[in-house]
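So the chains spell out like this:
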Amino acid sequence: MTQVALLLTNKYRLLSVAAILDVFDTVNSYYTANGEETLFKVNVLYAENSTNEIPAFNSHKPQPLKTAASHDLILIPAFNTTDLKHAIQENLEFIPWLCKQHENGVEIASFCTGAFLLGASGLLDGKSATTHIHASTSFAANYPDVFLRANEVVTYDHGIYTSGGATSTFHLLLRLIHNYGNREIAVRMAKVFAIDMNRGQQSYFGTFIPLRDHGDDLVTKTQLCIENLYNKAATVDDILQQIPASRRNIERRFKMATGNTMIEYLQKTRIEVAKKLLEQTNQSILEIMLNSGYNDLKAFRQLFKKSSGMTPKDYRDKFKARVA
């Protein structure tokens, strides 16, 4: 039986915890129904300084972290807040324990924005990881020593798993069930929970949400110039004519503040405009290309697919609202 520790972090997302417990309980019920020993023993753990009310989750009665026995696998749920820096500060008590457990060979899995706690622990330094795609820019800025794979649904690197946002939780759970159980039970759970096992990326769920709270007024001015001139300026140099600073100075500050180069920021701004036009209008692909600042259809298709993981037509087919 695999001993699993589920951390009841401060500011945990209830849906994340509930999904994890529901899936593992369903796996165990399958084994129980067949007269076999259950596959997982899940222990819910909370820290001494917890600011949460500590509820009981059916048969899972939370235990204080200091009484935790040895485990084979530790799970970190998503956070329910966008103020992830503050959430990490409220969960510092978990970090020494996580480091010690991993040093002893225990595997760790984080779900969605739970990766920020692993990032703060240093356990992801030099390793690949993913998180909710909308939080990826902030993650990259805060943890530059992590090899962020923002488009990936699930990553694994030297004993640490991470997953992307929301429903990617289920893909990581299937991976864990397969690795700690077998493929048969993983496929069965995929059918029970109607999970598409073949999803390989989360890029098409992404929305470019620029960082604004960096405190650099010059960078903010540059961001606004890019967002206002994205379909008029041919190059970044055209935009920089509006900025009272040397290119070298603004490039360095821009990258540091936003996590993107100015060229990357311009491309992401244009692609985001194209996505909205595909979702909300009946404009042709050619019209959308021109209205989002491009003039080469082949290059536009290539850039769009690189950013979103699908062609403009496939994106429209997937996300455009149709009136019956």
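Read on for an overview of the structure. Nothing here was measured: the structure is a model prediction, and the numbers come from that model.

Re the pattern of salt bridges
Enumeration over the complete set of coordinates arrives at eight salt bridges. Salt-bridge contacts for Glu48 lead to Lys66; the nearest nitrogen and oxygen are separated by 3.9 Å. On the criterion of sequence distance, the pair formed by Glu48 in the loop between strand E2 (40-46) and strand E3 (63-64) and Lys66 in the loop between E3 and strand E4 (73-76) is long-range, its members being 18 residues apart. Overall, Glu48 belongs to the partly exposed group, its relative accessible area being 48%. The exposed category is assigned to Lys66, whose relative accessible area is 65%. A salt bridge links Arg253 to Asp216; its shortest N-O distance comes to 2.8 Å.

A closer look at helix H10 (residues 247-258)
A rise of 1.5 Å per residue sets the reference length of H10, with its 12 residues, at 16 Å; its end C-alpha atoms lie 16 Å apart and thus fit the reference within 8%. Of the positions making up H10, those classed as buried are Ile250, Phe254, Ala257 and Thr258. What you see down the axis of H10 is that its buried residues fit within an arc of 75°, all on one side. For H10, exposure combined with an orientation more than 90 degrees from the buried face picks out Arg248 and Met256. One or two residues past the end of H10 sits Gly259, with phi positive at roughly 85°.

Thresholds applied
Residues numbered from 1 in each chain as written. Predicted model: local features only at pLDDT ≥ 70, side-chain atom pairs only at ≥ 80, totals over all residues. Heavy atoms only, no water. Salt bridge = Lys/Arg side-chain N within 4 Å of Asp/Glu carboxyl O. Helix = DSSP H or I, 4+ residues; strand = E, 2+ residues; numbered from the N terminus. Buried < 20%, exposed > 50% of the residue type's maximum accessible area, 1.4 Å probe, protein only. Expected span 1.5 Å × (residues − 1). Arc of directions from axis to C-beta.

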